[in-house]
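Tertiary structure, described
Below are the chains, spelled out letter by letter.
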Amino acid sequence: MHATIYVEWLFGRPATGAEEDEARAEAAAAAVLDATGKPYQTIHAEFSRQWEEAQDYEGLTGLAQTWVSAEKAADLALTEGWHNPNGASCSLRLSAPND
């Protein structure tokens, strides 16, 4: 069973309506990750491995780059419809299947 993804707000979380923003961001990220056909844990593990070596997004490839693309998709979807699309940011986290 897949782990689930959830967004972690880095800044800009609104006092109301955050759940809708989170659901939209999580769906956008899931669409990117699901397109690979790989478990989220596999994608994240490859991202973590390459990040440890490169310490830079520019050098990431393959599944690691897919994780970065999913985070970007979540970030864009998070503020969809906001008057300030740069007013918030998030990162992705994994939840184990039995959490």
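Below: a short report on this structure. (Residues numbered from 1 in each chain as written. Predicted model: local features only at pLDDT ≥ 70, side-chain atom pairs only at ≥ 80, totals over all residues. Heavy atoms only, no water.)

Here we take up the overall build of the protein. When helices and strands are tallied, the protein shows three helices and two strands. Along the chain direction, N to C, the helices and strands of the protein fall in the order β-α-α-α-β. In terms of overall dimensions, the protein is globule-like: its C-alpha atoms have a radius of gyration of 14 Å, near the 13 Å expected for 99 residues. A separation of at least 24 residues holds for 63% of the contacts in the protein among residues at least 6 apart in sequence. Of the roughly 5,800 Å² of accessible surface on the protein, 52% is carried by carbon and sulfur atoms. Treating the 6 positive side-chain charges of the protein as one cloud and the 16 negative ones as another, the clouds have centres 3 Å apart. (Helix = DSSP H or I, 4+ residues; strand = E, 2+ residues; numbered from the N terminus. Rg over C-alpha atoms; globule rule 2.2 N^0.38 Å. Contact = heavy atoms within 4.5 Å. Areas by Shrake-Rupley, 256 points an atom, 1.4 Å probe, with all protein chains shown as cover. Lys, Arg positive; Asp, Glu negative; His and termini not counted. Charge placed at Lys NZ, Arg CZ, Asp CG, Glu CD.)

This part takes up the nonpolar core. Ranked by internal contacts, the top residues of the largest apolar core, which has 21 residues, are Ile-5, Val-7, Leu-33, Trp-67, Ala-74 and Leu-92. Every element with two or more residues in this core is listed here: strand E1 (4-11), helix H1 (18-34), helix H2 (40-54), helix H3 (62-78) and strand E2 (89-95). What Ile-5 contacts, discounting residues up to four positions off in sequence, is Glu-26, Ala-29, Ala-30, Leu-33, Tyr-40, Trp-67, Arg-93 and Leu-94. (Core = buried A, V, L, I, M, F, W, Y, C linked by side-chain atoms within 4.5 Å. Buried < 20%, exposed > 50% of the residue type's maximum accessible area, 1.4 Å probe, protein only.)

A regular strand places its side chains so that they alternate between the two faces of the sheet. Counting buried positions along E2 yields five of seven residues, so the element is predominantly enclosed. Bridging between E1 and E2 involves seven bridges; their strand directions are antiparallel. Paired with Phe-11 across the strands is Ser-89, a residue of E2. (Pairing = 2+ DSSP bridges.)

A word on the pattern of salt bridges. Inspection of every chain in the model, using the stated rule, returns six salt bridges. Arg-93 is the partner of Glu-8 in a salt bridge, and the nearest nitrogen-oxygen pair spans 3.0 Å. Of this pair, Glu-8 sits in strand E1 while Arg-93 sits in strand E2, placing them 85 residues apart in sequence. For Arg-93, a relative accessible area of 33% translates into the label partly exposed. Asp-21 is paired through a salt bridge with Arg-24; the nearest N and O atoms lie 2.6 Å apart. One end of the pair is Asp-21 and the other is Arg-24, both in helix H1 and three residues apart, which spans about a single turn. If you follow the salt bridges from partner to partner, you end up with Arg-13, Glu-19 and Glu-22 in one network. (Salt bridge = Lys/Arg side-chain N within 4 Å of Asp/Glu carboxyl O.)

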